[in-house]
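As a plain string of letters, each chain reads:
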Amino acid sequence: MLVQDIDTTAEAPSSATDAGALTDRDREILAFEKQWWKYAGSKEQAVRELFDMSATRYYQVLNALIDTPAALEHDPMLVKRLRRMRATRQRARTARRLDGTNG
(Lines give C-alpha, C1' and ligand atoms only; values in the text may rest on other atoms or scores of the structure.)
Protein backbone atom coordinates (compact mmCIF):
# COMPACT_ATOMS: atom_id res chain seq x y z
CA MET A 1 0.00 0.00 0.00
CA LEU A 2 1.29 3.42 -0.93
CA VAL A 3 0.81 6.81 0.63
CA GLN A 4 -1.57 7.67 -2.21
CA ASP A 5 -3.86 4.86 -1.03
CA ILE A 6 -4.53 6.64 2.26
CA ASP A 7 -7.71 8.67 2.05
CA THR A 8 -6.72 12.29 2.67
CA THR A 9 -8.11 15.54 1.35
CA ALA A 10 -4.80 17.14 0.33
CA GLU A 11 -1.29 16.07 -0.45
CA ALA A 12 0.79 18.60 1.46
CA PRO A 13 0.32 19.07 5.18
CA SER A 14 -1.21 22.40 6.10
CA SER A 15 -1.71 24.13 9.41
CA ALA A 16 -5.11 24.10 11.02
CA THR A 17 -7.17 27.21 10.39
CA ASP A 18 -8.65 27.09 13.88
CA ALA A 19 -7.46 25.48 17.09
CA GLY A 20 -10.02 22.66 16.98
CA ALA A 21 -9.35 21.45 13.42
CA LEU A 22 -7.10 18.60 12.40
CA THR A 23 -4.26 19.25 10.00
CA ASP A 24 -3.77 17.08 6.93
CA ARG A 25 -0.86 15.41 8.71
CA ASP A 26 -3.07 14.65 11.70
CA ARG A 27 -5.65 12.99 9.43
CA GLU A 28 -2.90 11.04 7.67
CA ILE A 29 -1.53 9.81 11.01
CA LEU A 30 -4.97 8.64 12.10
CA ALA A 31 -5.54 6.93 8.73
CA PHE A 32 -2.13 5.24 8.98
CA GLU A 33 -2.75 4.11 12.55
CA LYS A 34 -6.05 2.60 11.46
CA GLN A 35 -4.40 0.43 8.81
CA TRP A 36 -0.63 0.31 9.46
CA TRP A 37 -0.67 -3.50 9.48
CA LYS A 38 -1.37 -3.44 5.73
CA TYR A 39 2.09 -2.02 5.06
CA ALA A 40 4.98 -4.32 4.22
CA GLY A 41 7.89 -4.27 6.67
CA SER A 42 7.99 -2.82 10.15
CA LYS A 43 5.71 -0.08 11.39
CA GLU A 44 8.72 2.03 12.34
CA GLN A 45 10.07 1.84 8.79
CA ALA A 46 6.70 2.87 7.35
CA VAL A 47 6.53 5.80 9.80
CA ARG A 48 9.98 6.95 8.70
CA GLU A 49 9.07 6.72 5.01
CA LEU A 50 5.58 8.24 5.20
CA PHE A 51 6.01 10.96 7.81
CA ASP A 52 9.77 11.58 7.79
CA MET A 53 10.04 11.30 11.58
CA SER A 54 11.46 8.85 14.06
CA ALA A 55 9.20 6.29 15.70
CA THR A 56 9.67 8.05 19.03
CA ARG A 57 8.52 11.38 17.61
CA TYR A 58 5.60 9.67 15.81
CA TYR A 59 4.33 8.19 19.08
CA GLN A 60 4.69 11.55 20.83
CA VAL A 61 2.63 13.21 18.10
CA LEU A 62 0.09 10.36 18.09
CA ASN A 63 -0.36 10.47 21.88
CA ALA A 64 -0.94 14.22 21.82
CA LEU A 65 -3.29 13.83 18.86
CA ILE A 66 -5.54 11.21 20.46
CA ASP A 67 -6.06 13.53 23.43
CA THR A 68 -7.67 16.20 21.22
CA PRO A 69 -11.44 16.54 20.83
CA ALA A 70 -10.99 17.02 17.06
CA ALA A 71 -9.38 13.58 16.70
CA LEU A 72 -12.14 12.00 18.76
CA GLU A 73 -14.73 13.65 16.54
CA HIS A 74 -12.88 12.60 13.37
CA ASP A 75 -12.64 8.88 14.23
CA PRO A 76 -14.17 8.05 17.62
CA MET A 77 -13.72 4.27 17.45
CA LEU A 78 -10.02 4.48 16.56
CA VAL A 79 -9.24 7.18 19.12
CA LYS A 80 -11.05 5.33 21.90
CA ARG A 81 -9.23 2.10 21.02
CA LEU A 82 -5.86 3.87 21.03
CA ARG A 83 -6.65 5.52 24.37
CA ARG A 84 -7.63 2.14 25.87
CA MET A 85 -4.42 0.54 24.59
CA ARG A 86 -2.35 3.39 26.04
CA ALA A 87 -4.11 3.12 29.41
CA THR A 88 -3.51 -0.65 29.47
CA ARG A 89 0.21 -0.16 28.82
CA GLN A 90 0.40 2.52 31.52
CA ARG A 91 -1.32 0.25 34.05
CA ALA A 92 1.06 -2.60 33.17
CA ARG A 93 4.09 -0.31 33.66
CA THR A 94 2.73 0.90 36.98
CA ALA A 95 2.08 -2.67 38.15
CA ARG A 96 5.64 -3.71 37.21
CA ARG A 97 7.06 -0.77 39.15
CA LEU A 98 4.99 -1.62 42.19
CA ASP A 99 6.04 -5.29 41.96
CA GLY A 100 9.68 -4.31 41.71
CA THR A 101 10.26 -6.10 38.40
CA ASN A 102 11.78 -4.58 35.30
CA GLY A 103 10.46 -6.83 32.57
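Analysis parameters
Residues numbered from 1 in each chain as written. Predicted model: local features only at pLDDT ≥ 70, side-chain atom pairs only at ≥ 80, totals over all residues. Heavy atoms only, no water. Helix = DSSP H or I, 4+ residues; strand = E, 2+ residues; numbered from the N terminus. Salt bridge = Lys/Arg side-chain N within 4 Å of Asp/Glu carboxyl O. Buried < 20%, exposed > 50% of the residue type's maximum accessible area, 1.4 Å probe, protein only. Axes fitted to C-alpha atoms, helices over the stretch in contact; angles between N-to-C directions. Parallel < 35°, antiparallel > 145°, perpendicular 65-115°, else oblique. Contact = heavy atoms within 4.5 Å. Nonpolar A, V, L, I, M, F, W, Y, C, P; charged D, E, K, R; others polar. Phe/Tyr/Trp six-rings, centres within 6.5 Å; stacked < 30°, edge-to-face > 60°. 1 Å grid on protein atoms, 1.4 Å probe; cavity = no way out; pocket = protein on both sides within 12 Å on 5 of 7 lines; lining within 4 Å. Points joined across faces, edges and corners; volume = space filled by probe spheres on them.

Engineer: What should I look at first to understand unusual backbone geometry in this one?
Structural biologist: What you tend to see is this: most non-glycine residues have negative phi, and most peptide bonds are trans. A positive phi is found at Asp52, a non-glycine position, where the angle reads about 55°. Turning to its location among the elements, Asp52 is positioned in the loop between helix H2 (43-51) and helix H3 (55-65).

Engineer: Help me out: how do you make sense of the pattern of salt bridges in this one?
Structural biologist: Between side chains of opposite charge, a pair can form when the charged atoms approach closely. Inspection of every chain in the model, using the stated rule, returns four salt bridges. Glu33 serves as the salt-bridge partner of Lys43, at 2.8 Å between the closest nitrogen and oxygen. With Lys43 in helix H2 and Glu33 in helix H1 (residues 24-35), this pair connects stretches of sequence that are ten residues apart. Each member of the pair, Lys43 as well as Glu33, is classed as buried. Residue Asp75 is joined to Lys34 by a salt bridge in which the shortest nitrogen-to-oxygen separation is 3.0 Å. Here Asp75 is found in the loop between helix H4 (69-74) and helix H5 (76-99), whereas its partner Lys34 is found in helix H1, with 41 residues between them in sequence.

Engineer: It is not clear to me how the packing of H1 against H5 should be interpreted in this structure. Could you clarify?
Structural biologist: Helix-helix packing: each pair is described by the crossing angle between the helix axes and the interaxial distance. Two elements in contact, H1 and H5, have axes whose closest approach is 11 Å; the angle formed by their N-to-C orientations is 70°. Comparing the axis directions of H1 and H5 gives the class roughly perpendicular. Listed contacts from H5 to Leu30, Glu33 and Lys34 of H1 are Leu78, Val79, Arg81 and Leu82. Residue composition of the contact of H1 with H5, by class: four nonpolar, no polar and three charged.

Engineer: I tried to follow the packing of aromatic side chains on my own but got confused; where do I start?
Structural biologist: The relation between two aromatic rings is expressed through the spacing of the ring centres and the mutual angle of the planes. Taken as a whole, this structure holds four aromatic pairs when the rule is applied. Note on Phe32 and Tyr58: the rings are 5.9 Å apart at their centroids and 90° apart in plane angle, and the pair reads as edge-to-face. Pair noted here: Phe32 is in helix H1 and Tyr58 is in helix H3, with a separation of 26 residues, a long-range link. Judged by its relative accessible area of 0%, Phe32 is buried.

Engineer: I'm lost on the layout of surface pockets in this one. Help?
Structural biologist: Volume-wise, the largest pocket comes out at about 190 Å³. Around the largest pocket sit 14 residues that line it, and Glu33, Lys43, Leu82, Met85 and Arg89 are the ones nearest its centre. Of all the elements in the fold, those that place two or more residues in the lining of the largest pocket are H1, H3 and H5. Broken down by element, the residue count for the lining of the largest pocket peaks at five residues, all from H5. Across the lining of the largest pocket, the residue classes tally to seven nonpolar, one polar and six charged.

Engineer: How should I be thinking about the side chain of Arg86 in this particular structure?
Structural biologist: Assignment of secondary structure puts Arg86 in helix H5. With a relative accessible area of 17%, Arg86 lands in the buried category. With residues near it in sequence (within four places) discarded, Arg86 still touches Asn63, Ile66 and Asp67.

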